[in-house]
Amino acid sequence: MLLGALPALACADIAVTVLDADGAPVGDVAVYAVPRTTAATGSAGPAAAVMDQADSAFVPHLLVVEAGTYIEFPNNDTVSHHVYSFSDAKRFELPLYKGNLHPPLRFDTPGVVVLGCNIHDGMLGYILVVDTPWFTVTNAAGEARLPALPDGDYAVHVWTPRARAGDLPRPRQTNVSDGSARELRFRFEGKLMPAHEDRHGRSTLTWDRY
Ligand SMILES: [Cu+2]
């Protein structure tokens, strides 16, 4: 058998655009594709990830990981932080520290993990744990690309802390089968919370202030 005759693994990209109710692009939105057929597997296993702390902010503000990922929480500030989460998907506490004192934590349960700091009320971060290796986050143009998904059926989800759970666009079903990229457009029908841009506690995201 000639080497060149081996069939290539069929796969294709899914390109996503996320818009708000006014048609403006929405950045920093998690996008992930959950396979609906067992054929669409082949993950090398979750990689490690880092949720940094710099200038009294979590960096990135939103981190998406596959379930099973170990996440480090280094504190690169000169002040100490006391990182915690009360979320069902992962309850934990990293008592007051600087540098990379604590070993990485494993995130096994899909869901939203809200991060805070006991010392700095304005510190707010999110980890979205997803049950798939295919995820990304939209750029400032509201665009994201899930590259090289194996052939199969997928449910494509979007998530942002700026929308109530009930106001998230419904997942979209799509199929990757012929090597051509799929393009999906999501639109938030309801009004979005402002982005959490203030690092110093003046705009902590809570619905009752909106
Ligand atoms: Cu802090």
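Residues numbered from 1 in each chain as written. Predicted model: local features only at pLDDT ≥ 70, side-chain atom pairs only at ≥ 80, totals over all residues.

With respect to the helices, strands and loops of the structure, Asp153 is situated in strand E15 (residues 152-159). If we skip the residues at most four places from it in the chain, Asp153 touches Arg36, Thr37, Gln173 and Asn175. (Helix = DSSP H or I, 4+ residues; strand = E, 2+ residues; numbered from the N terminus. Contact = placed C-beta atoms within 7 Å.)

Attention now moves to unusual backbone geometry. With omega at 5 degrees, the peptide bond leading from Val59 into Pro60 counts as cis. With respect to the helices, strands and loops of the structure, Pro60 is situated in the loop between strand E5 (57-59) and strand E6 (62-66). Unusually for a residue other than glycine, Asp28 sits at a positive phi of about 60 degrees. Inspection of the secondary structure puts Asp28 in the loop between strand E1 (11-19) and strand E2 (30-35). Given 19 C-beta atoms within 10 Å, Asp28 falls into the partly exposed group. Positive phi, close to 55 degrees, is recorded for Ala148, a residue that is not glycine. With 12 C-beta atoms packed within 10 Å, Ala148 lands in the exposed category. (Buried ≥ 20, exposed ≤ 12 C-beta atoms within 10 Å, placed from the backbone.)

Position of Asp20 relative to the elements: it lies in the loop between E1 and E2. In this structure the C-alpha to C-alpha distance between Asp20 and Gly142, which are 122 residues apart in sequence, comes to 9.3 Å. Ignoring anything within four residues of it in the chain, the contact list for Asp20 reads Val26, Phe188 and Leu192.

Among the nonpolar cores identified, the biggest contains 42 residues, and Ile14, Val16, Ala30, Val31, Ala33, Ile127 and Leu128 are the most heavily contacted of them. Looking at which element gives the most residues to this core, the answer is strand E12 (residues 124-130), with 6 residues. Domain assignment of the residues forming this core places at least three in each of domain 1 (10-42 + 143-187) and domain 2 (49-130). Once residues within four sequence positions are removed from consideration, Ala33 is found in contact with Ile14, Thr132, Trp134, Leu146, Leu149, Tyr154 and Val156. (Core = buried A, V, L, I, M, F, W, Y, C linked by C-beta atoms within 7 Å. Domains from an automatic or database assignment.)

Two strands pair when backbone bridges link them, and E1 and strand E14 (residues 143-150) are joined in this way by 6 bridges, in the antiparallel orientation. By the bridge assignment for E14, Val16 is matched with Ala144. As paired elements, E1 and strand E17 (residues 182-187) share 6 bridges and run parallel to each other. Along E17, the bridge assignment pairs Val16 with Leu184. (Pairing = 2+ DSSP bridges.)

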